[in-house]
Amino acid sequence: MAEFLRVDNLVKSFGTTTVVKGVNFTFNKGEFVSLLGPSGCGKTTILRMIAGFENPTSGSITVDGQDITHLKPNQRQLGMVFQAYALFPNLNVGDNIAFGLKIAGMPAEQRRARVEEMLKLIGLPGFEKRYPYEMSGGQQQRVALARAIAPRPRMLLLDEPLSALDAKIRVSLREEIRAIQLDLGITTIFVTHDQEEALSISDRVVVMNAGNIDQLGAPHEIYNKPATRFVATFVGHLNTIEATVASAANHQVNIDGQTVTLPSLPSGAKDNAPISLTLRPEVLSVGERAGSDIALTGTVSDVTFLGSVIRVRVALGKNIISLDTFNDQRTAPPARGDAITVSLASKDLLIL
Amino acid sequence: MKQSRFWAWLVFGIGAAYFLIPLIATFEFSLRMRRGYYSFDSYASVFSDPKFQQTFTYSAVIGLLSIIVGILVVVPAVYFVRLRMAWLRPYVEFLTLLPLIIPAIILVYGYIRLYNSSSIIPFTGSAVGTDILLTFAYVTLALPYMYRAVDTGMRTIDVQTLTEAAQIAGASTPQIIGRIILPNILVAVLSGAFLTFAIVIGEFTIASLLNRPAFGPYLQNIGANRAYEPAALAIISFIITWGAMSMINLLSRFAPRTSARTD
Ligand SMILES: Nc1ncnc2c1ncn2[C@@H]1O[C@H](COP(=O)(O)OP(=O)(O)O)[C@@H](O)[C@H]1O
Ligand SMILES: [Mg+2]
């Protein structure tokens with residue numbers, strides 16, 4: 001696949017604090033990539049350097065073979081959508097969408113046709129004459145999306161475009177954004193702190209941690225094979241079990257008095273040394289199950305009904321772990337205080 | 001409840017009387033030019049005076065020029081301070097207050113010393129040059145009002161994000177100011193403009209010392225030499241000023257609106 005965006009050793013410091021610490025990545029043409037990470041990790045700063053609103057302290061940015069590191073934002077031919085919609089209050093919807101086209105000198109007739117096409121694309125045909133304040137947040141953000149893509153930018157940048165919206169519209173709009181992106185095949189960078197959002201609509205995800213990239217990969221790779229403990233805890237729910245090494249030679253650990261044999265232990269593990277084991281809630285099942293080679297017993301401490309899934313909290317001793325089980329309409333879910341056996345395959349344990 | 005309303009009305013009545021009685025008295029006096037009964041003769045006399053028309057037109061033109069220069073100076077200045085040099089704001093604010101502190105007479109003597117016909121920039125050497133100098137002086141006099149009006153206008157919009165949204169769409173800085181920032185603060189700018197106009201129309205000191213045929217010196221001249229016309233002129237000036245102020249009120253209804261809805 002063709003490399004489209006290339007970021008080399010990008011560094012950004014504000015005064016004495018470095019908030020982007022030398023990041024590198026390349027995105028392909030037509031790819032939808034999310035920058036995911038907790039608030040303050042530098043996602044927006046990276047996006048703003050790509051847009052040209054911040055000057056990198058060092059490093060370079062190349063789009064489609066052109067070094068744009070020192071170009072002004074208005075020379076970069078990029079489209080951007082902001083968290084606060086940022087529609088021009090003095091212009092109606094049609095003029096907002098046509099803004100970039102007008103600046104580029106497109107004749108009025110073509111402009112009108114393009115606006116109409118864009119309104120159809122975002123599902124708001126006939127809204128040309130409305131003003132932004134007359135529309136809902138979701139509608140305003142769709143207009144902002146249309147305004148960003150109308151001039152056929154080389155790339156689309158979105159900075160937490162859904163964060164100002166209510167939960168329900170957030171989910172439907174993210175699917176709409178993804179559908180439009182696939183339709184147009186436009187290379188897109190989507191900044192979010194919401195891991196579910198990033199995993200659900202991206203081709204690839206960049207997980208950021210304090211100015212560094214911890215992992216770059218497809219959503220299933222990020223989730224199933226987290227490269228660092230940070231990625232494992234930030235993306236999805238993660239159980240952590242504090243255990244002690246019972247026998248380093250036999251790969252045995254002691255979890256709240258229950259001895260478990262693992263396929264391997266980190267080299268250097270010593271008898272009686274503490275060790276942290278991590279596992280996803282969905283790798284655990286209630287009762288013994290074929291393919292599971294570890295069984296643990298405990299007491300149900302809490303049950304959360306989530307609809308199709310039931311999350312059960314199990315106290316093994318001082319360790320409490322969560323597990324997800326599908327809601328089976330024919331059997332009652334576990335109750336608080338029940339004794340319970342949970343099982344898992346030892347290969348699903350992560351030692352980070 | 002009744003009690004408090006009584007006092008409120010009393011205070012309001014005293015305040016209203018304080019402003020209205022002199023106004024009514026002046027108006028009444030302006031109607032007494034003809035002996036024995038009321039007439040608008042003094043107004044007819046004012047309006048038919050060619051000097052009234054000339055000086056008023058002159059001041060109106062200088063007023064419009066001051067507004068244009070004021071907008072061209074203040075809008076970009078406030079914009080850049082808000083966008084890139086937020087630390088400069090307190091200093092700029094202090095600077096714009098100086099015209100309220102420094103008397104106009106000091107300003108105009110300073111001008112005459114700096115720009116007299118034998119200086120490097122001899123503004124006062126010609127009529128047009130003096131008109132330009134007068135315009136600049138009025139821009140300065142109106143600066144506290146224009147600055148505050150524009151600054152308040154910019155506070156109501158998200159200057160930075162709107163700028164960035166326009167910039168990424170390809171707009172240059174003049175395009176951003178002209179097509180996005182200015183239209184969105186137009187009502188605020190116009191309120192600054194009407195205040196400027198009201199100041200310029202009545203200004204006496206600077207126009208007089210620069211010896212320009214402005215409306216202020218004309219008012220003063222009539223006031224010193226006639227009986228009834230000054231009263232008529234006072235009422236006319238009041239109506240002009242009041243008209244300018246009510247335009248500000250009227251226009252604020254047309255300010256562009258934003259909505260941060262989440263649905
Ligand atoms: N203009 C700025 N001046 C100083 N510090 C800044 C500036 N912009 C961002 N920062 C700091 O840089 C860090 C990263 O910010 P940001 O990129 O906005 O994070 P994110 O978008 O991941 O939440 C934060 O600690 C923030 O306070
Ligand atoms: Mg951010």
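Each chain has its residues counted from 1, following the order in which its sequence is written. Chain letters and ligand numbers both follow the written order, the letters beginning at A and the numbers at 1. Restriction of local features to residues with pLDDT of at least 70 applies here, the model being predicted, together with a cutoff of 80 or more for giving and counting side-chain atom pairs; totals for whole chains, interfaces and linings are based on all residues. The basis for the side-chain values is all heavy atoms of the structure; hydrogens and waters are excluded.

Participant: What is the right way to look at the overall build of chain B in this model?
Facilitator: Looking only at helices and strands, chain B has 12 helices and 0 strands in total. Each principal axis of the C-alpha atoms in chain B carries an extent, and together these give about 75 × 70 × 30 Å. When burial is assessed residue by residue, chain B has 39% of its 263 residues classed as buried. In chain B, of all internal contacts separated by at least 6 residues, the share reaching a separation of at least 24 is 74%. The secondary structure listing takes helices from DSSP runs of H or I that are at least 4 residues long and strands from runs of E that are at least 2 residues long, numbered from the N terminus. Each residue is assigned to one of three classes by its accessible area relative to the maximum for its type, calculated with a 1.4 Å probe on protein chains only: buried under 20%, partly exposed between the two thresholds, exposed over 50%. Whether two residues are in contact is decided by their heavy atoms, any of which lying within 4.5 Å being enough.

Participant: I keep staring at the interface of chain A and chain B and nothing clicks. Help me out?
Facilitator: Where interface size is quoted, it is often the accessible area lost as the parts come together. Counting residues at the interface gives 33 residues for chain A, matched by 24 residues for chain B. A buried area of about 2,500 Å², summed over both sides, lies between chain A and chain B, and 60% of it is on carbon and sulfur atoms. The three residues of chain A that bury the most area against chain B are Pro89(A), Ile103(A) and Tyr133(A), which together make up 24% of that side's buried surface. Basic side-chain nitrogens of Lys or Arg form a salt bridge, by our definition, when they fall within 4 Å of a carboxyl oxygen of Asp or Glu. Taken together, the links from chain A to chain B amount to 1 salt bridge. A salt bridge links Arg48(A) to Glu164(B), with the shortest nitrogen-to-oxygen separation between them at 2.7 Å. Buried area: the accessible area, evaluated with a 1.4 Å probe, that two parts lose upon being put together, summed over both parts.

Participant: I would appreciate a short explanation of the site of ligand 1 in the present structure.
Facilitator: All names here are of chain A. Taken together, Phe14, Val19, Pro38, Ser39, Gly40, Cys41, Gly42, Lys43, Thr44 and Thr45 make up the full set of residues near ligand 1. Polar contact is the term for a pair of N or O atoms within 3.5 Å; when the atoms are in protein, one must be able to donate a hydrogen and the other to accept it, and sequence-neighboring residues count only if both atoms are side-chain atoms. For ligand 1, an oxygen atom lies 2.9 Å from a polar atom in the side chain of lysine 43. In the model, an oxygen atom of ligand 1 is placed 2.5 Å from a nitrogen or oxygen of the threonine 45 side chain. Of the residues forming the shell around ligand 1, the biggest block, 3 residues, is contributed by helix α1 (residues 43-51). Classifying every residue of the shell around ligand 1 gives 4 nonpolar, 5 polar and 1 charged. Any residue with a non-hydrogen atom lying within 4 Å of a molecule or strand is treated as near it. Each residue gets one of three labels, nonpolar for Ala, Val, Leu, Ile, Met, Phe, Trp, Tyr, Cys and Pro, charged for Asp, Glu, Lys and Arg, and polar for the others, Gly among them.

Participant: Help me understand the environment of Arg112(A) in this model?
Facilitator: All names here are of chain A. Along the chain, arginine 112 turns up in helix α3 (residues 108-121). By relative accessible area, which is 47% here, arginine 112 ends up partly exposed. As a C-alpha pair, arginine 112 and glycine 94 span 18 residues in sequence and 8.0 Å in three-dimensional space.

Participant: How should I be thinking about the pairing of strand β16 (residues 294-305) of chain A in this particular structure?
Facilitator: One face of the sheet, then the other: side chains in a regular strand alternate in exactly this way. Residues and elements named next belong to chain A. Two elements, β16 and strand β19 (residues 339-344), share 6 bridges in a ladder whose sense is antiparallel. Across the sheet, residue threonine 299 finds its bridge partner in β19, namely alanine 339. In the sheet, β16 pairs with strand β17 (residues 309-315) via 6 bridges, with the strands oriented antiparallel. What sits directly across from valine 303, in β17, is valine 312. Strand pairing is assigned whenever DSSP detects at least two bridges linking the two strands. Linking β16 back to β17 in an antiparallel pair, the connection comprises 3 residues, with glycine 307 at a positive phi of about 100°.

Participant: Quick question: what am I supposed to make of the pattern of salt bridges here?
Facilitator: Opposite charge on two side chains lets them pair, provided their charged atoms get close. Counted by the stated rule, this structure contains 24 salt bridges over all chains. Linking Asp203(A) and Arg178(A) is a salt bridge whose minimum nitrogen-to-oxygen distance equals 2.8 Å. Placement of Asp203(A) in the loop between α6 (195-201) and β9 (204-209) and of Arg178(A) in helix α5 (residues 167-184) is noted, with a sequence separation of 25 residues between them. The residue Asp41(B) makes a salt bridge to Arg34(B) at a minimum N-O spacing of 2.6 Å. Under the relative-accessibility criterion, Arg34(B) is labelled partly exposed at 38%. Connected via shared salt-bridge partners are Arg82(B), Arg89(B), Glu93(B), Asp151(B) and Arg155(B).

Participant: I keep staring at the layout of surface pockets and nothing clicks. Help me out?
Facilitator: Which parts of space are left empty comes out when a probe the size of a water molecule is rolled across the atoms. Definitions used for this entry: grid spacing 1 Å over protein atoms alone; cavity, a set of points where a 1.4 Å probe fits but cannot get out; pocket, an open set with protein on both sides within 12 Å along at least 5 of 7 lines; lining residue, one with an atom within 4 Å of a point. Grid points are joined across faces, edges and corners, and a volume is the space filled by probe spheres set on the points. Here the largest pocket defines a volume of roughly 490 Å³. Phe53(A), Pro73(A), Leu83(B), Arg84(B) and Gln167(B) are the residues nearest the centre of the largest pocket, which is lined by 23 residues in total. Put simply, the parts of the chain that give the lining of the largest pocket at least two residues each are α3 (50-84), α7 (159-168) and α8 (173-184) of chain B. In terms of residue count, α7(B) provides more of the lining of the largest pocket than any other element does, 4 residues in total. Across the lining of the largest pocket, the residue classes break down as 7 nonpolar, 10 polar and 6 charged.

Participant: Where do I start with the packing of aromatic side chains in this structure?
Facilitator: In this description, a pair of aromatic rings is defined by centroid distance and the angle of the planes. Two rings from Phe, Tyr or Trp (for Trp, the six-membered ring) form a pair when their centres are within 6.5 Å of each other. A pair whose planes differ by under 30 degrees is stacked, one over 60 is edge-to-face, and the rest are tilted. The final tally for this structure, using the stated rule, is 20 aromatic pairs over all chains. Centre to centre, the rings of Phe88(A) and Phe99(A) are 4.7 Å apart; their planes meet at 55°, and the pair counts as tilted. Taken together, the residues Phe88(A) in the loop between β6 (78-81) and α2 (93-103) and Phe99(A) in helix α2 connect sequence positions 11 residues apart. Its relative accessible area of 0% is what places Phe88(A) among the buried residues. For Phe99(A), a relative accessible area of 4% gives the class buried. Here the aromatic rings of Trp9(B) and Phe12(B) are separated by 5.8 Å at their centres, their planes lie at 85°, and the arrangement is edge-to-face. Here the residue Trp9(B) and the residue Phe12(B) both occupy positions in helix α1 (residues 2-30), the gap between them amounting to 3 residues, near one helical turn. The two residues Trp9(B) and Phe12(B) agree in class, both being exposed. Within the aromatic cluster, the residues linked to one another by ring pairs are Phe47(B), Phe52(B), Phe56(B), Phe215(B) and Tyr218(B). Only when the NZ atom of a Lys or the CZ atom of an Arg is both within 6 Å of the ring centre and within 35 degrees of the ring normal do we say a charge sits over the ring. Here the guanidinium or amino end of Arg147(A) rests over the ring plane of Phe88(A), the centre of that ring lying 4.5 Å away. One cation-aromatic arrangement involves Arg280(A) over Tyr223(A); the distance from NZ or CZ to the ring centre is 4.1 Å.

Participant: I would appreciate a short explanation of α1(A) in the present structure.
Facilitator: What sets the pattern is the α-helix's 3.6 residues per turn: residues three or four places apart point alike. All names here are of chain A. Of all 9 residues in α1, 8 are buried, a share of seventy percent or more. Listed in full, the buried residues belonging to α1 are Lys43, Thr45, Ile46, Leu47, Arg48, Met49, Ile50 and Ala51. Directly beyond the C-terminal end of α1, a positive phi value near 100° is found at glycine 52.

Participant: Where do I start with the nonpolar core in this structure?
Facilitator: The nonpolar side chains of a soluble globular protein tend to be buried with one another. Within the largest apolar cluster, 75 residues are counted, with the highest numbers of intra-cluster contacts made by Leu5(A) and Ile50(A). In terms of residues, this core owes the most to one element, α3(B), which gives 9 residues. By size, the runner-up hydrophobic cluster in this structure holds 32 residues, among which are Leu87(A), Val93(A), Ile122(A) and Leu158(A). Working definition of a nonpolar core: buried Ala, Val, Leu, Ile, Met, Phe, Trp, Tyr and Cys residues. They are joined through side-chain atoms within 4.5 Å.

Participant: I'm lost on the environment of Asn24(A) in this one. Help?
Facilitator: Residue and element names in this part refer to chain A. The topology assignment puts asparagine 24 in strand β2 (residues 17-28). Residue class for asparagine 24 comes out partly exposed when judged on its relative accessible area of 40%. Each C-alpha atom of the pair asparagine 24 and valine 7 lies 5.2 Å from the other, and the pair is 17 residues apart in sequence. Sequence-distant contacts of asparagine 24, that is, excluding residues within four places in its chain, are made with Val7, Asp8, Asn9 and Ile213. A distance of 2.7 Å separates a polar atom in the side chain of asparagine 24 from the backbone nitrogen of asparagine 9.

Participant: Mind showing me how you'd approach the sheet that holds strand β12 (residues 252-255) of chain A here?
Facilitator: Pairing between sheet strands relies on hydrogen bonds along the backbone, with the strands arranged either parallel or antiparallel. Residues and elements named next belong to chain A. Spatially, β13-β12-β11-β14 is the arrangement adopted by the 4 strands of the open sheet, whose pairing is antiparallel. The two strands at the open ends of the sheet, each matched to only one other strand, are β13 (258-261) and β14 (274-279). Strand-to-strand twist of the sheet, defined as the mean angle between neighbouring strand axes without regard to direction, takes the value 45°. Looking at chain direction, strand β11 (residues 239-247) and β14 are connected through 6 bridges and run antiparallel. Each bridged residue has a counterpart across the sheet, and for threonine 240 the counterpart in β14 is threonine 278. The convention used is that axes are lines fitted to C-alpha atoms, helices contributing only their stretch in contact, and that angles between N-to-C directions extend from 0 to 180 degrees.

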